[in-house]
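Below, each chain spelled out in residue letters.
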Amino acid sequence: MRVACLLISHLRAKSEMRRHARLEDRPAVIVDRSGSTPLVVDRTPQAFEVRVGMTLEQAISHHADSIVLEADEPYYQQVFDDVLGSLVNVGHRVEGSALGTVYARLDGLEALYGGEEHLVYTLLRAVPHDLEPAVGVADAKFPAFVAARTGKAMQVVWVPADATRFLSPHSIDLLPVSAEIKEGLHLLGLHTMGAVAELPKGLLTDQFGMEGLQAWSLCNGIDERPLIPLEATETIVETTSFPHQAASLELFLVTVDILLKKAFSRPRMLGRQAAGVVLECSCDGALSWRKSVHFKRGLHGWRQASPIIRNQVKMDPPRMAIEEIRLSLTDLSGASGVQLGLWADPKKVKWRRIREVEKKLRSKMPANHILHRVVEVAPWHPAPEMRAVQVPVDRSENYAIKPVATPTQVSVREGDHRRPVAVLLGDRWRSVTRVADLWTFDLWWLPQPITRIYYRLGEENGRQITLFYDRRGHCWYRQNG
């Protein structure tokens with residue numbers, strides 16, 4: 001079996017440098033705080049003295065000026081998944097072994113690319129240049145990994161036919177065995193793979209059991225582990241954007257339900273089931289949150305899936321603002337034991353008729369969406385535009401969720417203590433005769449804090465309008481709705 005190993009070292013750090021230009025020349029450490037003690041999981045090249053597995057305190061003692069970043073595993077996984085997708089387009093036999101480590105089967109594809117060398121360099125070019133992978137090529141997975149691990153970025157190392165000789169000078173620390181086995185080998189003075197390969201395999205088996213036999217085999221270039229290709233799974237993907245960076249959990253859950261309805265109503269889902277859902281949220285163009293939900297059995301309707309997803313999300317909600325959400329139905333299969341109803345659901349009939357009216361209106365009017373329905377998401381929220389959203393009735397095309405009461409910026413003449421005395425409405429200044437009501441709130445804990453002073457004003461003609469002063473943006477708005 002001819003196999004190439006593409007190794008992307010420091011994938012987490014390279015991913016962070018991709019979205020934070022300021023890290024290019026700065027020492028930075030990426031920390032996982034999921035345990036009792038914050039541990040370093042990666043670092044940028046400038047923090048060269050820091051090692052993976054160090055505590056945050058140890059890392060800072062080496063580089064006091066280091067930038068500390070919270071590990072964003074969903075984002076790193078998405079970067080890696082994109083790499084796997086690009087490699088699958090070159091050859092379908094690709095295995096994502098661990099984050100940053102990929103194996104690709106070569107034999108059988110050489111003729112399509114004009115030889116093995118051209119095939120390998122095609123794989124290398126399929127990976128984004130900023131990730132700088134190293135490549136090793138051998139007749140088994142472990143020698144290919146060692147070649148990539150000890151090679152240079154953007155270069156290919158071919159392992160010769162005598163893999164044992166190639167592996168001989170390399171450290172046993174590269175072996176995929178437990179730390180106890182490596183420690184035991186070092187205590188016996190066996191620091192290189194060549195030293196291990198020269199011993200009788202029975203001796204290592206007696207001393208260390210099956211892991212000792214595995215270490216001896218790998219050091220001799222014997223690796224019978226098969227390459228397990230990624231499974232080609234069919235998915236249905238739905239995406240929508242928020243009217244503003246959202247921090248409301250209820251708005252998020254309502255949006256998930258809307259996307260679920262749209263995904264399960266696709267013609268491809270007729271008579272089929274989904275075994276899971278993947279939710280992905282992004283902010284400023286970067287993945288900020290990712291969650292996979294697996295069902296115990298295949299589900300064929302959004303009403304079955306919604307409570308399961310809601311429970312999972314409430315236990316681990318997004319903890320930052322969201323601009324876009326992407327929902328994927330995964331592992332689609334033919335339904336079994338699902339009997340179709342004899343009578344039509346009145347609600348479905350009603351909404352089908354409404355959607356038909358929508359399509360007829362769209363044929364006569366230029367707007368993409370004409371009919372909308374209002375969905376309450378947080379009626380208790382002090383900011384009116386956060387309380388409800390409008391969703392198009394026809395969800396057959398891409399659409400965005402819109403707020404019901406969007407504030408508009410206005411020009412205001414201020415008096416003492418920033419009190420409004422006149423408002424520019426249209427092309428005319430209107431005098432404020434009285435302040436009917438005044439209130440304020442400060443939502444300082446949100447990812448994008450909101451601090452406002454509201455005024456309900458009386459105009460010359462007796463009508464009332466509501467304005468607010470944004471104390472963080474230092475500008476005036478008219479509150480609609």
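Residues numbered from 1 in each chain as written. Predicted model: local features only at pLDDT ≥ 70, side-chain atom pairs only at ≥ 80, totals over all residues. Heavy atoms only, no water.

Novice: How do you make sense of the packing of helix H1 (residues 11–19) against helix H3 (residues 73–88) when you look at a structure like this?
Specialist: To describe two helices that pack against each other, one gives the angle between their axes and the distance between the axes. Viewed as axis vectors pointing N to C, H1 and H3 meet at an angle of 95°, and their least axial separation amounts to 10 Å. Our classification of the angle between H1 and H3 gives roughly perpendicular. Listed contacts from H3 to Leu11, Arg12, Ser15, Glu16, Arg18 and Arg19 of H1 are Glu73, Tyr75, Tyr76, Val79 and Phe80. When its residues are assigned to classes, the contact of H1 with H3 shows five nonpolar, one polar and five charged. (Axes fitted to C-alpha atoms, helices over the stretch in contact; angles between N-to-C directions. Helix = DSSP H or I, 4+ residues; strand = E, 2+ residues; numbered from the N terminus. Parallel < 35°, antiparallel > 145°, perpendicular 65-115°, else oblique. Contact = heavy atoms within 4.5 Å. Nonpolar A, V, L, I, M, F, W, Y, C, P; charged D, E, K, R; others polar.)

Novice: Even after reading the chapter, I still don't get the confidence of the model for the chain, so can you show me in this structure?
Specialist: Detailed reading of the predicted coordinates is not advisable wherever pLDDT falls low. Taken as a whole, the chain shows an average pLDDT of 84; of its residues, 87% reach a score of 70 or greater. No element of the chain has a lower mean pLDDT than helix H14 (residues 346–364), at 64, and none a higher one than strand S7 (residues 134–138), at 95. pLDDT under 50 marks residues 336–343. Its contacts with residues more than four places away, or in other chains, come to three contacts. (pLDDT = per-residue confidence, 0-100.)

Novice: Whenever I open this one, the nonpolar core confuses me. Can you help?
Specialist: Note that soluble globular proteins tend to have their nonpolar side chains buried in a common cluster. Residues Phe252, Leu260, Leu279, Ile309, Leu327 and Leu329 are the most contacted members of the largest nonpolar core, which totals 36 residues. At the level of secondary structure, the elements contributing two or more residues to this core comprise strand S9 (236–246), helix H12 (249–264), strand S10 (272–283), strand S11 (286–299), helix H13 (302–315), strand S12 (322–334) and strand S14 (388–392). Per-element tally for this core: the top contributor is H12, with 10 residues. Filtering out sequence-adjacent residues up to four positions away, Leu329 remains in contact with Glu234, Thr235, Ile236, Leu260, Ala263, Phe264, Met269, Ala274, Gly276 and Val277. (Core = buried A, V, L, I, M, F, W, Y, C linked by side-chain atoms within 4.5 Å. Buried < 20%, exposed > 50% of the residue type's maximum accessible area, 1.4 Å probe, protein only.)

Novice: How should I be thinking about empty space enclosed by the protein in this particular structure?
Specialist: One way to see where empty space is left: roll a probe the size of a water molecule over the atoms. Applying the stated criterion across every chain, the model contains one cavity of 30 Å³ or more. Reported here for the largest cavity is a volume of approximately 30 Å³. In this structure, the largest cavity is lined by Gly91, Arg93, Val94, Ala104, Arg105, Leu106, Leu109, Leu119 and Leu123. Residues of the lining of the largest cavity, tallied by class, amount to six nonpolar, one polar and two charged. (1 Å grid on protein atoms, 1.4 Å probe; cavity = no way out; pocket = protein on both sides within 12 Å on 5 of 7 lines; lining within 4 Å. Points joined across faces, edges and corners; volume = space filled by probe spheres on them.)

Novice: I'm lost on the packing of aromatic side chains in this one. Help?
Specialist: In this description, an aromatic ring pair is defined by two values, namely the gap between the centres and the angle between the planes. This model, assessed by the stated rule, comprises eight aromatic pairs. Both rings, one in Tyr121 and one in Trp158, keep their centres 6.3 Å apart while their planes meet at 50°; by these two values the pair is tilted. Here Tyr121 is found in helix H5 (residues 116–126), whereas its partner Trp158 is found in strand S8 (residues 156–158), with 37 residues between them in sequence. Relative accessible area serves as the criterion here: at 29%, Tyr121 is assigned to the partly exposed category. Both rings, one in Tyr469 and one in Trp476, keep their centres 5.2 Å apart while their planes meet at 50°; by these two values the pair is tilted. With respect to class, Tyr469 is no different from Trp476; both count as buried. Clustering of aromatic rings is evident, with ring pairs tying together Trp439, Phe441, Tyr454, Phe468 and Tyr477. Here the basic side chain of Lys141 rests over the ring of Tyr103, its NZ or CZ set 5.0 Å away from the ring centre. Its end group placed over the ring of Trp429, Arg413 keeps NZ or CZ at 4.0 Å from the ring centre. (Phe/Tyr/Trp six-rings, centres within 6.5 Å; stacked < 30°, edge-to-face > 60°. Lys NZ or Arg CZ within 6 Å of the ring centre and 35° of its normal.)

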